[in-house]
Amino acid sequence: MSQDQETRLERLEIDLAHANHTIDELNGVVVDQGKQIDRLSRLLSNMTDQLEEIIEKLPGHQVEKPPHY
């Protein structure tokens, strides 16, 4: 193999190593964001349930569906 080909191959190997490292970092970010989205979804659901309970307990308040339902 010529010196030029060896240099090109070495550069490709370096670029591939950097790309793999970047992919691993991005995968970690995606996993962390997925966990955060799940946590926030649970919190929102719990808060929505709590709010509905509070609204139901208000005196004189009835939850009615609009006429188009």
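Preceding block: the structure.
K.L.:
Tell me about the overall build of the protein, and name the residues and values.
P.N.:
Secondary structure summary: the protein contains one helix and zero strands in total. Relative to the globule expectation of 11 Å for 69 residues, the C-alpha radius of gyration of the protein, 28 Å, shows a markedly less compact shape. When each of the 69 residues of the protein is scored for burial, the buried share is 0%. Between the centroid of the 7 positive side chains of the protein and the centroid of its 14 negative side chains there is a distance of 6 Å.

K.L.:
Describe in detail the pattern of salt bridges, supporting the description with residues and values.
P.N.:
What the rule picks out here adds up to one salt bridge. Two residues, Arg11 and Asp15, come together in a salt bridge whose shortest N-O distance is 3.0 Å. Linking Arg11 with Asp15, this pair stays in helix H1 (residues 3-57), spanning four residues, or about one helical turn.

K.L.:
Account for a negative patch on the surface, with residues named and values stated.
P.N.:
Taken together, Asp49, Glu52, Glu53 and Glu56 make up a surface patch of like negative charges. You can see Glu53 is positioned in helix H1. Judged by its relative accessible area of 45%, Glu53 is partly exposed.

K.L.:
Lay out the environment of Arg42 with the relevant residues and their values.
P.N.:
The residue Arg42 is located in helix H1 in this model. The class for Arg42 is exposed, based on a relative accessible area of 53%. A sequence separation of 11 residues divides Arg42 from Val31, and the C-alpha atoms of the two residues are 17 Å apart.

Cut-off values and rules
- Residues numbered from 1 in each chain as written.
- Predicted model: local features only at pLDDT ≥ 70, side-chain atom pairs only at ≥ 80, totals over all residues.
- Heavy atoms only, no water.
- Helix = DSSP H or I, 4+ residues; strand = E, 2+ residues; numbered from the N terminus.
- Rg over C-alpha atoms; globule rule 2.2 N^0.38 Å.
- Buried < 20%, exposed > 50% of the residue type's maximum accessible area, 1.4 Å probe, protein only.
- Lys, Arg positive; Asp, Glu negative; His and termini not counted.
- Charge placed at Lys NZ, Arg CZ, Asp CG, Glu CD.
- Salt bridge = Lys/Arg side-chain N within 4 Å of Asp/Glu carboxyl O.
- Patch = residues over 30% accessible without salt bridge, like charges linked within 9 Å, V, L, I, M, F, W, Y side chains within 5 Å.
- Areas by Shrake-Rupley, 256 points an atom, 1.4 Å probe, with all protein chains shown as cover.

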